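Structure assessment
The residues making up each chain are set out below.
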Amino acid sequence: MSLDPVAPFLGALHAAALEAMRNAYAPYSKFHVGAALLTEDGKVIAGCNVENASYPAGTCAERAAIGAAVAAGHQRFRAVLISTEADTPTPPCGVCRQVLAEFGTDLAVIARTTNGGEARWVLADLLPDPFTPASFRH
Ligand code: THU
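Here is a short report on the structure shown in this document. Being a predicted model, the structure only gives us computed values, none of them experimental. (Residues numbered from 1 in each chain as written. Predicted model: local features only at pLDDT ≥ 70, side-chain atom pairs only at ≥ 80, totals over all residues. Heavy atoms only, no water.)

By the element assignment, Ala108 lies in strand E4 (residues 108–113). Residue Ala108 is classed as partly exposed on the basis of its relative accessible area of 24%. Spatially, the C-alpha atom of Ala108 lies 6.1 Å from that of Trp121, the residues being 13 residues apart in sequence. (Helix = DSSP H or I, 4+ residues; strand = E, 2+ residues; numbered from the N terminus. Buried < 20%, exposed > 50% of the residue type's maximum accessible area, 1.4 Å probe, protein only.)

Next comes the structure, spelled out in C-alpha cells:
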C-alpha cells in the first residue's frame, strides 16, 4: 500500500485536469492548461486558462481553479495536478505559485503531459521564502 496520501486521488485529479484542459480558452498562445485541486476533504475542483484579446487580462488554469475552489467554500488543499500537451511537464508560473502559497506551501504539485510525462514537487520547494499571510501583520 502507498504511503502517499494523494495517491488514491490521482486518477480523479488527472481526469478533472484533462477535462478542464480541453475546455481551455487559449486562442492566442494555443497552450491549453487544466489544473485540478484536491481539497483537504477529498473534493476535486478544476480550472483552465482563459485568455483575452487584451493579453494581460488572461488568467492561468491554477488561479482559475483556486477561484472556483474558494467560491465553493474550500480554502485548504492537499494537491494540484496540472495537465498540458507540452513535451515536458510544466510547473506553475510564478504568479500562480504565489497564489497557491496563500493557502499553504505544503501542497503537492503534480504536472502531467498528454504524452505520459509526469513531474512532482512540493510548493515550498518551488517558492522558497514565500510572502504569505504570516508575513503580513498590521
Ligand atoms: N498558463 C497557465 O495556465 N498556467 C501556468 O502556470 C503557466 C501558463 C497559461 C497562461 C497562458 O494562457 C498560456 O498558458 C501561455 O502562457
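Per the stated rule, a full pass over the model turns up zero disulfides. Cys48 forms no disulfide, and the closest cysteine sulfur to it belongs to Cys60, at a distance of 11 Å. Judged by relative accessible area, which is 14%, Cys48 ranks as buried. Left without a disulfide partner, Cys93 is nearest to the cysteine sulfur of Cys96, which lies 3.7 Å away. By relative accessible area, which is 32% here, Cys93 ends up partly exposed. (Disulfide = S-S within 2.5 Å.)

As summarised here, the arrangement of the five strands in space is E2-E1-E3-E4-E5, forming an open sheet in which the pairing is mixed. The open sheet terminates on both sides in strands that have one partner only, identified here as strand E2 (44–48) and strand E5 (118–122). Geometrically, the sheet is characterised by an average inter-axis angle of 20° between neighbouring strands, direction not taken into account. Bridging between strand E3 (residues 77–84) and E4 involves six bridges; their strand directions are parallel. Looking at the pairing, Ala79 lines up with Ala108 of E4. Against the sheet, helix H2 (residues 61–71) engages strand E1 (33–39), E2 and E3, with an angle of about 135° to E2. (Pairing = 2+ DSSP bridges. Axes fitted to C-alpha atoms, helices over the stretch in contact; angles between N-to-C directions. Contact = heavy atoms within 4.5 Å.)

Per the stated rule, a full pass over the model turns up five salt bridges. Between Arg112 and Glu118 there is a salt bridge, with its nearest N and O atoms 2.7 Å apart. Take Glu118: its relative accessible area is 37%, and that puts it in the partly exposed class. (Salt bridge = Lys/Arg side-chain N within 4 Å of Asp/Glu carboxyl O.)

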